[in-house]
Amino acid sequence: MVARVWSLMRFLIKGSVAGGAVYLVYDQELLGPSDKSEAALRKAEEVVPPAMYQLSQYVCQQTGLEMPQLPAPPKITFPNFRDSWNSGIISVMAALSVAPSKAQEYSKEGWEYVKQHSK
């Protein structure tokens, strides 16, 4: 009985985390225009490091442990990241959209090849 309740709790927790992630992506419009995605990334770059520092200070206070100060993460800039990301997505979606017709075309060619060589 306990195992079933525990597995149900795990499922509910995982479902809530996944649902929260989907809601966050939808709410922040991260799958929309790339301008909003870039703004959300910049906002996260500003908010996450101080929050992690505050969390580490809280953990140190509560546990009495001392955590060494981590070095600052390097600044990485991708000048044409947006353009290359969008062109990659466009290429993948184009390939996926023609995949059924290409599969049908290749299967017809294969069938004709088998018919010709089986005579």
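Conventions adopted
- Residues numbered from 1 in each chain as written.
- Predicted model: local features only at pLDDT ≥ 70, side-chain atom pairs only at ≥ 80, totals over all residues.
- Heavy atoms only, no water.
- UniProt positions renumbered as here; feature names shortened; annotations may be inferred.
- Helix = DSSP H or I, 4+ residues; strand = E, 2+ residues; numbered from the N terminus.
- Rg over C-alpha atoms; globule rule 2.2 N^0.38 Å.
- Buried < 20%, exposed > 50% of the residue type's maximum accessible area, 1.4 Å probe, protein only.
- Areas by Shrake-Rupley, 256 points an atom, 1.4 Å probe, with all protein chains shown as cover.
- Lys, Arg positive; Asp, Glu negative; His and termini not counted.
- Charge placed at Lys NZ, Arg CZ, Asp CG, Glu CD.

If you check an unreviewed UniProt entry, the protein appears there as MICOS complex subunit MIC13 from Mesocricetus auratus. One UniProt comment on the protein, placed under Function (unreviewed entry), says "Component of the MICOS complex, a large protein complex of the mitochondrial inner membrane that plays crucial roles in the maintenance of crista junctions, inner membrane architecture, and formation of contact sites to the outer membrane." Regarding the protein, the relevant UniProt record gives this comment under Subcellular location (unreviewed entry): "Mitochondrion inner membrane".

Each helix and strand counted, the protein has three helices and zero strands in total. For the protein, the sequential pattern of α-helices and β-strands runs α-α-α. On C-alpha atoms alone, the protein measures out to a radius of gyration of 25 Å, which is more than a quarter above the 14 Å that the 2.2 N^0.38 rule sets for 119 residues. By principal-axis analysis of the C-alpha atoms, the protein measures approximately 85 × 55 × 30 Å. Buried residues in the protein amount to 3% of all 119 residues. Accessible surface, the protein: about 11200 Å² in total, of which carbon and sulfur atoms supply 67%. Taken together, the 12 basic and 11 acidic charged side chains of the protein have centroids lying 11 Å from each other.

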